[in-house]
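This is what each chain is made of:
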Amino acid sequence: MLLRQGSIGPSVTALQRELNAVGYDIGVDGNFGNETMRAVRSYQRKQGLVTDGIAGPKTRALLHGQKNERLLRQIDLVDAADRLGVELAAVMAVNEVESRGSGFHFGGPHNGAPVILFERHIMRRQLQHHGINPLQYQRAQPDIVNASPGGYIGGHREHDRRERAGKIHTAASIESASWGLFQIMGFHWKRLGYQSAESYAADMAINEANQLGAFVRFIEKDKGIHAALRRHDWAGFASRYNGPNYAANDYDTKLAAAYRRHSEGMRLAA
């Protein structure tokens, strides 16, 4: 659950008490206002977390004493912005809107595994790419090999689907999943400079900084999306990153709002 400015209720009350327990002095009223946001940003800054003023699972875990070295840090976003030659606020906006909040699963049988989404229609295509006729697998296991998208079961169980697909062809199964915070498809591995599909998957399993690195490589390889990010053309960015149906989910307006919020937050912190 993400708590941000405007959130209200018992979860905000609990957050305010947690912040006071680590040295802040804010009102405990269940209302996530400016005072709470400033305290969250301050805490995130001290801990090296992404300083977005949003109390998500990473911030809450640290408040509970659960430190995780695999999490994305603010300096990782600073380095990414420098490498891409774009504003830090723009990279932070993309991280907020386009990422899945966490690059890894916490709990369950796949605890610590990178977040993925397996695409059965891509698996069919990648089997053909590797010279394998997909028809027998499509008939026997349509949930993992199919001409149409779908079959999702969500969460950590997507690894079960990918592992079953891996018994057919390991590389194709990796190529058929999107990976990590920014859900970069595995079939991009060669274009992005990885040695193999397997090395791409291994890199995504190390930490969220590496997942951000895959996103940076992806942006660098696409001049159109890179230019859109640089000039804050959020509709242009979203149409290239999310596809032609981006407007149905308001990706462009969410990115624009997040960019304005992070720009303002940095001005206030300066």
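The structure we're discussing is the one just above.
Description of the structure in this document.

All chains considered together, the criterion is met by eight aromatic pairs. Look at Phe218 and Tyr241: their rings are 6.0 Å apart centre to centre, the planes differ by 85°, and that puts the pair in the edge-to-face class. Of this pair, Phe218 sits in helix H11 (residues 208-220) while Tyr241 sits in helix H13 (residues 234-241), and the two are 23 residues apart along the sequence. Neither Phe218 nor Tyr241 differs from the other in exposure class; each is buried. Seen in terms of ring centroids, Phe237 and Tyr241 are 5.4 Å apart; in terms of plane orientation they differ by 15°. Their pairing is stacked.

Now for the sheet that holds strand S3 (residues 184-185). A sheet is described by the order of its strands in space; here three strands give the open sequence S1-S2-S3, paired in antiparallel fashion. Here the strands that pair on one side only, and so sit at the sheet edges, are strand S1 (116-118) and S3. Here three bridges tie S1 to strand S2 (residues 177-179), and the two strands are oriented antiparallel to one another. Looking across to S2, one finds that Phe118 is bridged to Ala177.

This part is about the environment of Tyr259. You can see Tyr259 is positioned in helix H14 (residues 251-269). You can call Tyr259 buried: its relative accessible area is 15%. Sequence-wise, Tyr259 and Phe32 are 227 residues apart; in three dimensions their C-alpha atoms are separated by 20 Å. In this view, Tyr259 contacts Glu87, Ala89, Ala90, Ala93, His232 and Trp234; residues no more than four positions away in its chain are not counted.

On to helix H1 (residues 10-21), then. Compared with the 16 Å implied by 1.5 Å per residue over twelve residues, the 17 Å span of H1 between its first and last C-alpha is a close match. The elements touched by buried residues of H1 are helix H2 (34-47) and helix H3 (57-63). Gly23, located one to two residues past H1, shows a positive phi value of around 115°.

Looking at soluble globular proteins, one finds that nonpolar side chains tend to be buried together. Ranked by size, the top nonpolar core spans 55 residues in total, and within it Phe215, Leu229, Trp234 and Phe237 carry the most contacts. Ranked by residues supplied to this core, first place goes to helix H5 (residues 88-98) with seven residues. Excluding residues that lie within four positions of it along the chain, Phe215 makes contacts with Val94, Phe182, Ile184, Phe237 and Tyr241. Leu3, Val12, Phe32 and Tyr43 belong to the second-largest nonpolar core, a separate cluster that totals 16 residues.

Moving on, we get to H2. Helix length check: H2 (14 residues) gives 20 Å between terminal C-alpha atoms against 20 Å at 1.5 Å per residue, within 8%. Those residues of H2 lying buried are Thr36, Met37, Ala39, Val40, Arg41, Ser42, Tyr43 and Gln44. Just downstream of H2 lies Gly48, where phi reads positive at about 80°.

So, about the packing of helix H12 (residues 223-230) against H13. It is at 8 Å that the axes of H12 and H13 come closest, and there the two elements cross at 145°. Crossing angle aside, the handedness with which H12 passes H13 is left-handed. For the pair H12 and H13, the contacting residues are Gly224, Ile225, Ala228 and Leu229 in the first and Trp234, Gly236, Phe237, Arg240 and Tyr241 in the second. Of the residues in the contact of H12 with H13, the class split is six nonpolar, two polar and one charged.

Conventions adopted
Residues numbered from 1 in each chain as written. Predicted model: local features only at pLDDT ≥ 70, side-chain atom pairs only at ≥ 80, totals over all residues. Heavy atoms only, no water. Phe/Tyr/Trp six-rings, centres within 6.5 Å; stacked < 30°, edge-to-face > 60°. Helix = DSSP H or I, 4+ residues; strand = E, 2+ residues; numbered from the N terminus. Buried < 20%, exposed > 50% of the residue type's maximum accessible area, 1.4 Å probe, protein only. Pairing = 2+ DSSP bridges. Contact = heavy atoms within 4.5 Å. Expected span 1.5 Å × (residues − 1). Core = buried A, V, L, I, M, F, W, Y, C linked by side-chain atoms within 4.5 Å. Axes fitted to C-alpha atoms, helices over the stretch in contact; angles between N-to-C directions. Left-handed = near helix turned anticlockwise from the far one by under 90°. Nonpolar A, V, L, I, M, F, W, Y, C, P; charged D, E, K, R; others polar.

These results come straight from atomic positions and should not be treated as a statement about function.
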